[in-house]
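Spelled out from the first residue to the last, the chains are:
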Amino acid sequence: MKQYLKLDEWSIIEEGFDPENHEVSESVFSIGNGHMGQRANFEEDYTGKTLQGSYMAGVYYPDKTRVGWWKNGYPEYFAKVLNSTNWIGLNIAIEGENLDLAKLPVRDFVRTLNMKEGYLERTFIATLSGGKEVKIQAKRFVSIVDKEVGAIRYSITPLNFNGELKVTSYLDADVKNKDANYDEKFWDEVSKEVTTNHASVTVVTKKTEYVLCSTMKTELVHDGLKVAFNPVVSEKEKYVAHTFAHGLVEKKETVIYKYAANVTSRDHEASSLAKIAMDRLQGALVKGFETLLSEQADAWAEKWKESDIVIEGDVAAQQGIRFNIFQLNQTYTGEDDRLNIGPKGFTGEKYGGSTYWDTEAYCLPFYLSTADPKISRNLLIYRYKHLEKAIENAEKLGFTDGAALYPMVTMNGEESHNEWEITFEEIHRNGAIAYGIYNYVNYTADKDYLAEYGLDVLVAISRFWAQRVNYVSSKNQYMMLGVTGPNEYENNVNNNWYTNRIAAWTLEYTLSVMDYIKETDKARFDELESKLKISSEETSKWVDIIGKMYYPFDEEMGIYLQQDGFLDKELIRVDELDPKHLPLNQNWSWDRILRSCFIKQADVLQGLYFLNDEFDMETKKKNFDFYEPMTVHESSLSPCVHSILACELGYKEKAYEMYLRTARLDLDNYNNDTEDGCHTTSMAGTWMSVVQGFGGFKVKNDQLILNPFIPGEWSSFSFKIVFRGALLNIKVSADEITITNETKVSTPVIIHGTKHTVNGSASLTIQY
Ligand code: BGC
């Protein structure tokens with residue numbers, strides 16, 4: 001944990017350059033637009049420690065697996081989001097001396113991520129040999145309006161000298177992934193073109209054959225006037241450059257504008273990429289940097305209108321939550337149903353940029369409440385499109401008749417995770433995908449989705465559960481053996497309560513969806529019944545499993561057991577451990593972790609959170625009081641679920657403590673791992689803590705429900721909710737709640753159990 005960033009409501013600010021913090025800052029100050037993302041690497045050369053990272057959404061490489069002991073059924077590869085063409089590069093030499101912050105004295109360094117308008121800025125003064133001082137101001141963004149375009153304004157002002165500037169503006173596709181398993185380069189050159197006017201490089205990924213064409217144009221402005229120049233062209237493998245010189249004049253500003261377009265064969269015909277890249281670049285040049293930037297600010301203002309959270313009285317909390325919302329909106333914009341959300345977004349390589357259950361369990365609620373429903377719908381369609389592959393995946397593991405096991409980690413629907421306990425055992429992920437469908441339909445009332453896409457997925461997942469359980473005749477119960485629950489600090493356990501419950505719940509929900517379609521559209525139901533080959537024998541089996549599913553439970557304590565035998569462990573609270581043991585995953589051997597009672601993340605409590613209305617307060621309290629003290633929260637996905645349940649149980653301090661653990665996770669580098677990238681999917685969990693936890697927000701029986709309370713540290717907080725055509729701004733303070741309807745759609749709301757209506761374009765204030 002290290003707090004070196006300045007507090008500010010709308011910006012992330014780093015003052016002073018400390019190379020020790022640089023890789024963390026490269027993650028935190030990343031920019032992205034759903035199509036591409038870029039770590040906050042310097043434009044100019046930097047020979048210090050850095051993780052160069054430029055990523056194109058959905059462009060991945062199936063890196064051959066490295067495992068010590070191969071097991072049948074393992075995936076052949078681990079999918080990796082690729083470090084792609086470096087389009088920001090500007091080599092700057094002044095009076096023959098290279099500008100490199102690892103080598104030169106630097107002062108007045110300020111790096112700012114402007115979240116309100118969506119750009120990154122950096123200013124500093126570097127001292128060259130002989131005491132020559134040069135002031136640099138660099139600003140850049142990737143456009144959320146013209147998604148294939150990125151632009152840089154790089155200004156150079158010599159403060160006490162006249163001298164020669166030499167600039168090399170380049171595109172470099174000869175890049176590597178730091179996490180490459182065999183140190184292999186993943187890109188091959190297709191072509192390159194460099195004339196005095198034009199520079200582009202086209203590369204293709206090995207195996208997956210994604211083609212990326214990048215093109216650039218550099219302009220020079222001196223003291224406000226555009227300067228024509230004739231660059232020297234150069235090229236190497238996967239690299240093109242323009243080099244030009246210019247006379248710097250003391251105290252006069254020289255500005256380099258660099259525009260780049262990055263287009264891929266995911267979006268266009270490979271054969272037309274060069275032309276499309278040129279068109280995009282041309283469009284950017286016509287608009288110019290300032291217009292592109294003001295369009296960027298307007299587009300971000302629109303996003304903030306629907307998703308902002310305002311916290312009054314606590315700047316650190318305000319900055320933390322805006323940072324999370326900003327990163328989520330930079331990562332996934334929802335237009336493309338082939339894309340999803342990697343745990344690190346576009347901020348680093350770890351987790352390979354792939355899709356996890358994080359999307360349905362944590363991210364979906366954020367997009368449901370802060371954006372047009374078609375964005376969440378696309379997250380669901382993503383899984384629908386992977387259904388065939390999920391069926392194949394289950395077949396590889398011996399399941400039959402259309403049973404589907406969705407992968408734990410995927411890019412294209414195939415499993416690409418190869419730790420056996422996760423690949424084969426962490427099957428609860430299937431339940432989260434079914435739950436995502438429920439959550440979406442419950443929230444949006446888009447019931448058509450069920451007959452159109454939803455049922456296919458639900459039936460296939462139900463088939464998996466029906467085959468995965470085994471009937472124990474001596475007990476007349478169904479059991480599920482050899483699983484890993486959400487708590488990855490236990491492997492190969494029998495009857496993980498959460499997995500058993502989410503499995504039976506999936507069967508219940510699937511049957512209820514079938515009933516709904518049958519009642520509302522018999523013809524469509526018949527069609528689906530015959531397409532999916534659903535028989536009454538099969539559904540009777542599901543009913544039997546629902547009725548006879550075994551749930552480990554301790555009568556005396558009134559708690560669900562995380563798995564069979566959990567109470568045989570030595571039960572110790574985390575606060576009884578010497579803190580030097582924490583985090584366990586860095587200090588204990590794996591077998592010691594597995595034998596211990598310590599819990600990585602919400603497991604039984606994940607079930608109480610998802611299926612909240614099934615349980616009474618006493619049950620929730622007993623389980624929370626039993627499990628939370630043994631939970632080490634070593635997954636960033638853990639604290640939010642605890643915070644939400646603590647809010648419901650009235651454990652205000654605990655709720656706030658849990659909220660704080662993720663609110664500034666990356667800004668304060670809480671887990672000492674932000675240099676690998678930000679914890680993007682857990683950012684959605686922090687949003688959930690505020691809205692579902694402190695706001696007590698949920699949707700039940702088509703009604704909006706709010707049970708707010710305010711942490712003592714805040715004077716008020718407000719959040720936005722997009723709900724069935726309405727946009728509500730909900731402000732909570734210590735003694736009242738005000739809901740402002742920013743649309744004409746009048747909306748009923750239940751506040752602390754009493755029903756009210758917020759009329760269109762009106763406000764409602766309720767005092768407690
Ligand atoms: C968690 C998983 C999660 C993954 C990616 C792991 O540490 O235990 O639940 O899906 O990280 O965020």
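Residues numbered from 1 in each chain as written. Predicted model: local features only at pLDDT ≥ 70, side-chain atom pairs only at ≥ 80, totals over all residues. Heavy atoms only, no water.

An unreviewed UniProt entry annotates the protein as Glycoside hydrolase family 65 protein of Anaerobacillus isosaccharinicus. Taken from UniProt, the Sequence similarities (unreviewed entry) comment for the protein reads in full: "Belongs to the glycosyl hydrolase 65 family." (UniProt positions renumbered as here; feature names shortened; annotations may be inferred.)

**Student:** What's the story with the UniProt feature "domain: Glycoside hydrolase family 65 C-terminal" (unreviewed entry) in the protein in this structure? I'm lost.
**Tutor:** Following the UniProt record, one finds the feature "domain: Glycoside hydrolase family 65 C-terminal" (unreviewed entry) at residues 698–758. Measuring from the first to the last C-alpha atom of residues 698–758 gives 16 Å, for a span that is 0% helix and 64% strand. (Helix = DSSP H or I, 4+ residues; strand = E, 2+ residues; numbered from the N terminus.)

**Student:** Please explain the site of the ligand as it appears in this structure.
**Tutor:** As a structural note, the neighbourhood of the ligand is formed by Pro343, Tyr351, Tyr356, Trp357, Asp358, Glu488, Lys600, Gln601, Ser635 and Leu637. At a separation of 2.6 Å, an oxygen atom of the ligand approaches a polar side-chain atom of aspartate 358. In the environment of the ligand, an oxygen atom lies 3.0 Å from a nitrogen or oxygen atom belonging to the side chain of glutamate 488. Calculation on the ligand without its partners gives an accessible area of 310 Å², and the protein chains cover 91% of this total. Each residue belonging to the shell around the ligand can be placed in one class, and the counts come to 5 nonpolar, 2 polar and 3 charged. (Near = heavy atom within 4 Å. Polar contact = N/O pair within 3.5 Å; in protein donor to acceptor, adjacent residues only side chain to side chain. Areas by Shrake-Rupley, 256 points an atom, 1.4 Å probe, with all protein chains shown as cover. Nonpolar A, V, L, I, M, F, W, Y, C, P; charged D, E, K, R; others polar.)

**Student:** Just checking my understanding: could you explain the pairing of strand S18 (residues 232–236) for this structure?
**Tutor:** The side chains of a regular strand alternate, first on one face of the sheet and then on the other. As defined by bridge partners, S18 adjoins strand S19 (residues 239–248) across 5 bridges and the pair is classed as antiparallel. Paired with glutamate 235 across the bridge in S19 is valine 240. The turn joining S18 and S19, which pair antiparallel and follow one another in sequence, is formed by 2 residues; a positive phi near 55° is taken by lysine 238. (Pairing = 2+ DSSP bridges.)

**Student:** It is not clear to me how the pairing of strand S2 (residues 11–15) should be interpreted in this structure. Could you clarify?
**Tutor:** The buried fraction of S2 amounts to 4 of the 5 residues, a majority that puts the element mostly inside the structure. Pairing geometry for strand S1 (residues 5–6) and S2, over 2 bridges, is antiparallel. Bridging from a neighbouring strand, leucine 5 pairs with glutamate 14 of S2. With antiparallel pairing between neighbouring strands as the criterion, S1 and S2 make up a hairpin whose turn holds 4 residues. Pairing geometry for S2 and strand S9 (residues 106–114), over 5 bridges, is antiparallel. When the bridges of S9 are listed, glutamate 14 appears paired with arginine 111. (Buried < 20%, exposed > 50% of the residue type's maximum accessible area, 1.4 Å probe, protein only.)

**Student:** I keep staring at the sheet that holds strand S13 (residues 163–172) and nothing clicks. Help me out?
**Tutor:** Sheets are built from strands paired through backbone hydrogen bonds, the pairs being either parallel or antiparallel. Taking strand neighbours across the sheet as the criterion, the 5 strands line up as S8-S7-S13-S19-S18 in an open arrangement whose pairing is antiparallel. Looking at which strands have only one partner, the edges of the open sheet turn out to be strand S8 (97–98) and S18.

**Student:** Where do I start with the packing of helix H3 (residues 315–331) against helix H18 (residues 652–663) in this structure?
**Tutor:** Pairs of packed helices are described in terms of their axes, by the angle between the two and the distance that separates them. The geometry of H3 relative to H18 is characterised by a closest axis approach of 10 Å and an angle of 55° between their N-to-C directions. Relative to H18, H3 is oriented oblique. Crossing geometry of H3 relative to H18 is assigned as left-handed. Along the contact surface, H3 presents Ala317, Gly320, Ile321 and Asn324, while H18 presents Tyr659, Thr662 and Ala663. Of the residues that constitute the contact of H3 with H18, the class distribution is 4 nonpolar, 3 polar and no charged. (Axes fitted to C-alpha atoms, helices over the stretch in contact; angles between N-to-C directions. Parallel < 35°, antiparallel > 145°, perpendicular 65-115°, else oblique. Left-handed = near helix turned anticlockwise from the far one by under 90°. Contact = heavy atoms within 4.5 Å.)

**Student:** What exactly am I supposed to notice about the packing of aromatic side chains here?
**Tutor:** Throughout the structure, instances matching the rule amount to 59 aromatic pairs. Here tyrosine 170 and tyrosine 239 contribute two aromatic rings whose centre-to-centre distance is 5.5 Å and whose plane-to-plane angle is 25°, an arrangement assigned as stacked. Here the residue tyrosine 170 occupies a position in strand S13, and tyrosine 239 occupies one in strand S19, the gap between them amounting to 69 residues. The class of tyrosine 239 is buried, set by a relative accessible area of 13%. Three or more aromatic residues joined by ring pairs make a cluster, and in this case those are Tyr435, Tyr438, Tyr498, Trp505, Tyr509, Tyr609 and Phe610. (Phe/Tyr/Trp six-rings, centres within 6.5 Å; stacked < 30°, edge-to-face > 60°.)

**Student:** Any chance you could explain the UniProt feature "binding site: substrate" (unreviewed entry) in the protein here in plain terms?
**Tutor:** Under the UniProt annotation, "binding site: substrate" (unreviewed entry) lies at Trp357, Asp358, Lys600 and Gln601. Relative to the helices and strands, tryptophan 357 resides in the loop between H3 and helix H4 (358–370). Residue class for tryptophan 357 comes out buried when judged on its relative accessible area of 4%. If we ignore the near neighbours within four places in the chain, the residues touching tryptophan 357 are Tyr362, Arg383, Met408, His428, Arg429, Ala432, Pro486, Tyr498, Gln601, Gln606 and Leu637. Tracing the backbone shows glutamine 601 in the loop between helix H14 (590–595) and helix H15 (604–610).

**Student:** How should the environment of threonine 65 be read in this particular structure?
**Tutor:** Looking at the secondary structure, you find threonine 65 in the loop between strand S5 (54–64) and strand S6 (77–83). Placed 351 residues apart in sequence, threonine 65 and serine 416 show a C-alpha to C-alpha distance of 8.7 Å. Those residues in contact with threonine 65, other than ones at most four positions away along the chain, are Trp70, Pro75, Glu76, Tyr77, Phe78, Asn181, Tyr182 and Asn418.

**Student:** Please explain unusual backbone geometry as it appears in this structure.
**Tutor:** Trans peptide bonds make up most of the peptide bonds, and negative phi angles are found at most residues other than glycine. Following leucine 582, the chain continues into proline 583 via a peptide bond in cis, with omega recorded as -10°. Tracing the backbone through its elements, the reader meets proline 583 in the loop between strand S25 (559–560) and helix H13 (584–587). Positive phi values are uncommon outside glycine, yet aspartate 108 reaches one of about 55°. Tracing the chain through its elements places aspartate 108 in strand S9. Even without glycine at this site, asparagine 672 takes up a positive phi of about 55°.

**Student:** For this particular structure, what's the right way to read the packing of H4 against helix H5 (residues 373–385)?
**Tutor:** Put simply, H4 and H5 touch, their axes get as near as 8 Å, and they point 155° apart. Looking at the two axes, H4 sits roughly antiparallel to H5. Note on element contacts: H5 touches H4 through Ile375, Ser376, Leu379, Leu380 and Arg383, opposite Thr359, Glu360, Leu364, Tyr367 and Leu368. For the contact of H4 with H5, the class distribution of residues is 6 nonpolar, 2 polar and 2 charged.

**Student:** Explanation requested: the pattern of salt bridges in the structure shown.
**Tutor:** Side chains that carry opposite charge are capable of pairing whenever their charged atoms lie near each other. What the rule picks out here adds up to 60 salt bridges. Glutamate 488 serves as the salt-bridge partner of lysine 600, at 2.7 Å between the closest nitrogen and oxygen. Of this pair, lysine 600 sits in the loop between H14 and H15 while glutamate 488 sits in the loop between strand S23 (477–479) and helix H10 (497–520), and the two are 112 residues apart along the sequence. Taking relative accessible area as the criterion, lysine 600 reaches 14% and is therefore assigned buried. A salt bridge links arginine 524 to glutamate 527, with the nearest nitrogen and oxygen atoms 2.7 Å apart. Note that arginine 524 and glutamate 527 are positioned in helix H11 (residues 522–531) at a spacing of 3 residues, about one turn of the helix. (Salt bridge = Lys/Arg side-chain N within 4 Å of Asp/Glu carboxyl O.)

**Student:** Teacher, can you tell me more about the sheet that holds strand S29 (residues 726–733) here?
**Tutor:** Taking strand neighbours across the sheet as the criterion, the 5 strands line up as S21-S28-S29-S30-S33 in an open arrangement whose pairing is antiparallel. Only two strands of the sheet have a single partner each, and these edge strands are strand S21 (309–312) and strand S33 (763–767). Strand-to-strand, the axes of this sheet are offset by a mean angle of 15°, without reference to chain direction. With 4 bridges connecting them, S21 and strand S28 (residues 716–723) associate as antiparallel partners. Bridge pairing in S28 places isoleucine 311 opposite phenylalanine 717. Set on the sheet, helix H2 (residues 273–307) makes contact with S21, S28 and S29; between it and S28 the angle comes to about 100°.

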